[in-house]
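Spelled out, the chains give:
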Amino acid sequence: MTARSNFVVIAILLGGSLARAQNAAVQQVPGRRMPVQQVVMLRNARVIDGTGAAPQEHVSLLLRNGKIEQVGGAEMAAPAGAQVHDLTGKTVMPGLISAHSHLGLIVDDAESSATGYTRENVTGQLIQYERYGVTTILSLGLNRDLVFVLRDEQQAGRLAGASIFTAGRGIGVPDGAPPLLSAADQIYRPTTDKDARRDVDEMAAQRVDIIKIWVDKLHGKVPEMTPEIYKAVIDEAHKRHVRVAAHEYALEDAKQLVADGVDVLAHSVRDQVVDDVFVRSMKQHHVWYVPTFTVDESAYIYAQNAAFMQTPFFQQAAGAKLMAKFSAPGYAEKIMQDPQTAQHQKDFEVGQKNLKKLFDAGVSVGFGTDSGALPGRIPGFAEHHELALMVRAGLTPLQAITAATGENAKLLHAGDRGTIAPGKRADLLVLDADPLVDIGNTQRIFAVYHDGHNIVDLPGRTK
Ligand SMILES: [Zn+2]
């Protein structure tokens, strides 16, 4: 038995501890990719193609060499030797893409760590994303240079897990945001615009996918990045043909960033409901908006004994240590008495209103969670839960799914993925039930294909 097939077997032991399975997988898997790719034919599926179009019924998909080779109807013939799977009653959608996640900042999903950016930990997180059907992530800052080594290995087919896009270290503020523990080579905190330009040049040379900046005074507690610094960052990045994504919180900051050329707002505006001036400016400047509801909701929802916390889908992603934290005596009381909790609840609701307003006005909406930044923002689970929170905000399930697939591929300039069409990567989520009826059905994962590889196995497959 190969390490690869061991992993698949372990991963489908859904009755057992997937936290344990995950650890076993981490030990076995580094350096692997399945050597041989089968030609796979998926038949009779309902397909949500990621473009926003209505679903198609009775679709056949032919997967070869990591790509979707052909999309057709029931009449499509299977090539000789193809593995054929009848997906009657199943729904196929593109693998999820998170345009705001982080690697290596938490350990065991349970603790923040300045020393967690290790090969073993990062690889384990990539595998967890992939197994949950999140086939591509943008690690939006606070990456050590190891990320470039891992990205290269992955592109050479030698590393498991979700496909890595990265913002490298990113640019924060001395004694300011981001207030996270980090190693010396994990973030830049320039004090002059000249230094900021040098930092951008260094990241551009490392071929980052986007530059990340933090523009937030954290409710007046810390110094904020000055417009002089972020204007220099945006200008220098654009000279190098790299775009800039901003962590922001306040409407006034968001307005200024958009006016000064930022390309992506990587969180909801949360201090107030956005006005029409901002809406027009977002559209005029073609700026992407990524809500990340998980950021605020994850600060308090686990103290409310939410129903989803009883599901294996949640518990296996959270892992034993985080589950123990949630059920520890006094945990819920501590959260509910924390003065920040009311602020998070208020910010969450303002963010919900703003998504609906911006979406309805035609602003480009992407998808991200900030998973992996702090314990409770759980890689893999957070992405499915975020879809539900976007629906809570007033999007339809189809609109939320489109943001997380086809639209996010556009945000990432990753035209090779995000939709189901000939020539696209075979990154697919196969579901037991239709997520357009209930967005919670994205959690009913029957199979995951990443790069044509069957990551979560097909139970009862027909061979
Ligand atoms: Zn973040």
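Conventions used here
Residues numbered from 1 in each chain as written. Predicted model: local features only at pLDDT ≥ 70, side-chain atom pairs only at ≥ 80, totals over all residues. Heavy atoms only, no water. Domains from an automatic or database assignment. Contact = heavy atoms within 4.5 Å. Salt bridge = Lys/Arg side-chain N within 4 Å of Asp/Glu carboxyl O. Polar contact = N/O pair within 3.5 Å; in protein donor to acceptor, adjacent residues only side chain to side chain. Helix = DSSP H or I, 4+ residues; strand = E, 2+ residues; numbered from the N terminus. Nonpolar A, V, L, I, M, F, W, Y, C, P; charged D, E, K, R; others polar. Buried < 20%, exposed > 50% of the residue type's maximum accessible area, 1.4 Å probe, protein only. Donors = N, O, S within 2.8 Å, 3.2 Å for Na, K, Ca; no water.

An unreviewed UniProt entry annotates the protein as Imidazolonepropionase-like amidohydrolase originating from Tunturiibacter gelidiferens.

Split by domain assignment, the protein resolves into domain 1 (31-94 + 418-456) and domain 2 (96-301 + 326-411). The gap between the C-alpha centroids of domain 1 and domain 2 is 29 Å. The partner domain 2 presents 29 residues to the 26 residues of domain 1 that form the contact. Linking domain 1 with domain 2 are zero salt bridges. The interface formed by domain 1 and domain 2 holds eight residue pairs in polar contact (both at pLDDT 80 or more) in total. The set of elements that each furnish at least two residues to the side of domain 1 that touches domain 2 consists of strand E5 (91-94), strand E16 (445-450) and strand E17 (453-456). The biggest single contributor to the side of domain 1 that touches domain 2 is E16, with four residues. Classifying every residue of the side of domain 1 that touches domain 2 gives 13 nonpolar, nine polar and four charged.

This part covers the pattern of salt bridges. Pairing is possible between side chains that carry opposite charge, provided their charged atoms lie close to one another. In the structure shown here, the tally under the stated rule is 30 salt bridges. Measuring nitrogen to oxygen at the nearest pair gives 2.7 Å for the salt bridge that ties Arg64 to Glu69. For the salt bridge of Arg198 with Asp195, the shortest nitrogen-to-oxygen distance reads 3.7 Å. With Arg198 and Asp195 both in helix H5 (residues 193-205) and three residues apart, the pair spans about one turn of that helix. Judged by its relative accessible area of 48%, Arg198 falls in the partly exposed class. In this structure, a network of salt bridges that share partners links the residues Arg197, Asp201, Asp235, Glu236, Lys239 and Arg240.

This brings us to helix H4 (residues 146-155). Buried within H4 are the following residues: Val147, Phe148, Leu150, Arg151, Glu153 and Gln154. Just downstream of H4 lies Gly157, where phi reads positive at about 80°.

Around the zinc ion, the protein supplies His100 (NE2), His102 (NE2) and Asp370 (OD) as donor atoms, at distances of 2.1 Å. Along the chain, the residues donating to the zinc ion are arranged with the sequence spacing H-x1-H-x267-D. Its relative accessible area of 1% is what places His100 among the buried residues.

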